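Next come the chains, spelled out residue by residue.
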Amino acid sequence: MDEFNDEVLVGLALQLVGDVLFFSSSEDSEDDDHDFELAVPFVTAKNAIPRMENYVENIVPQFDDGQFKSHFRMLPETFEFILKIIAPKLVRKKPGCPTIQPNKQLLLAIWKMATPDSYRSICEKFNVGRATALKCVRRVVNALEILAPAFIAWPNEERSMVIRNGFFATSNFPNVIGAIDGTHINIPAPRDHPESYVNRKGHHSIQLQCKFIHCYAGNVGSVHDQRVFRLSDLNEDIHNPSKFLNNSHIIGDAAYTLQEHLLVPYRDNGHLTEKQKNFNFCHSSARMAIERSFGLLKGRFRSLLTTLAMERVDLIPKYIIACCVLHNICLLKNDDFPSTVELLPEAVQYHDQVGGNVAVNRLGVIKRDDICERLSIRNV
């Protein structure tokens, strides 16, 4: 999205937010606390927990850029850019008790995403009740999800050229415009059908399929990567030639089906040729970009790193996509966050390609073999 300046991006994003504001029902049923989490127990003045006062009003403004970024995972300039876009969605439109200031709501939601802190801790820091904190996170997540089409977008021809050159420079693999993979976001065991959410590591999880030019979240942890792919919009886009100009393609591991625009490595049966081994080596070098991307995402928003403390499974995908939107906006603003998180590649569950679309697979075989022949030999 480098071809757009900030004013164009803000205008597009505000238009998306405005459209949803116009068509949404009265304040998106804000008063339905049960839409987010369990009911909040009644707290009397007698047993109220002491809270920090004026953290946002007095302490945060004293942070320099580095201190602000260490707490909220982005520079103040990036925060103000996001706030300008979503602030209209964070203001109550009907009479009643006024909502807290949009900047405080956004800071609170980012803190929730960026740390593994409990709501008890967040409420103490931001001097709000639990129900208010839940509503703040919900409003911000909804507003950010609306922006997904603006900030998680397929690259145009100019941007595709930049991406292809970057992949080629690091891996020698030609015409790559993206790498695809899935990552598991661990969650508490759901009340309904908890066995469906158990992944191959024995944890309850939600799957995120991500390239950061496309994100799809929500499938249960037991679902195979190839099935997640088939259920996503990308399954249709992969057959759209206008998405893959100049003979370009994305790359994925052996869990995916080989297609003309989705190249996977040769399956190692112990009889690979030297050129096929070289293809797999270069392919793996290029595909490491997606593992690094997951590490950066989870390093910036560490609530995704261990176990995401949310019980409403139907709301988790929105939360994950909101984190991806924030991450992409930060990258757009050249606001990098150094991550110490190193994610090991997932063990590959090989996909049986027999019985798939034979014509598409044949084109993939031809294309892969052609690249295999042309690749210069690296250290394999």
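None of these values were measured; they are calculated from a predicted model. (Residues numbered from 1 in each chain as written. Predicted model: local features only at pLDDT ≥ 70, side-chain atom pairs only at ≥ 80, totals over all residues. Heavy atoms only, no water.)

1. Here we look at the packing of helix α5 (residues 102–114) against helix α13 (residues 316–332)
Line of reasoning, step 1. Following both chains from N to C, one finds α5 and α13 inclined at 100°, their axes separated by 11 Å at the closest point. As far as their axial angle goes, α13 and α5 are roughly perpendicular. On α13, the residues that touch I110, K112 and M113 of α5 are Y319, A322, C323 and L326.
Line of reasoning, step 2. Of the residues belonging to the contact of α5 with α13, the class tally is six nonpolar, no polar and one charged. (Axes fitted to C-alpha atoms, helices over the stretch in contact; angles between N-to-C directions. Helix = DSSP H or I, 4+ residues; strand = E, 2+ residues; numbered from the N terminus. Parallel < 35°, antiparallel > 145°, perpendicular 65-115°, else oblique. Contact = heavy atoms within 4.5 Å. Nonpolar A, V, L, I, M, F, W, Y, C, P; charged D, E, K, R; others polar.)

2. Considerations on the pattern of salt bridges
Line of reasoning, step 1. In this structure the tally under the stated criterion is six salt bridges.
Line of reasoning, step 2. The residue E57 makes a salt bridge to K104 at a minimum N-O spacing of 3.8 Å. Placement of E57 in helix α2 (residues 55–59) and of K104 in helix α5 is noted, with a sequence separation of 47 residues between them.
Line of reasoning, step 3. Note on E57: relative accessible area 41%, which makes it partly exposed. (Salt bridge = Lys/Arg side-chain N within 4 Å of Asp/Glu carboxyl O. Buried < 20%, exposed > 50% of the residue type's maximum accessible area, 1.4 Å probe, protein only.)

3. A closer look at the environment of I377
Line of reasoning, step 1. Within the element layout of this structure, I377 appears in the segment after α14 (358–374).
Line of reasoning, step 2. Taking the C-alpha atoms as reference points, I377 and C282, 95 residues apart in sequence, are found 9.1 Å from one another.
Line of reasoning, step 3. Each residue touching I377, except ones within four places of it in the same chain, is listed here: E274, K275 and N278.

4. Topic: α13
Line of reasoning, step 1. For α13, which comprises 17 residues, the first-to-last C-alpha distance of 25 Å matches the rise-based estimate of 24 Å (1.5 Å per residue) to within 8%.
Line of reasoning, step 2. Within α13, 14 of the 17 residues are buried, which leaves it mostly tucked inside the rest of the structure. (Expected span 1.5 Å × (residues − 1).)

5. Focus on the nonpolar core
Line of reasoning, step 1. Judged by nonpolar contacts, the single largest core of 65 residues is most densely connected at F72, I86, F126 and L144.
Line of reasoning, step 2. Of the residues forming this core, the biggest block, 11 residues, is contributed by α13.
Line of reasoning, step 3. Those residues in contact with F72 that lie beyond four places of it in its chain are Y55, V60, F63, L107, I110, W111 and F126.
Line of reasoning, step 4. One finds F167, V176, I177 and C372 within the second-largest nonpolar core, a separate group that totals 29 residues. (Core = buried A, V, L, I, M, F, W, Y, C linked by side-chain atoms within 4.5 Å.)

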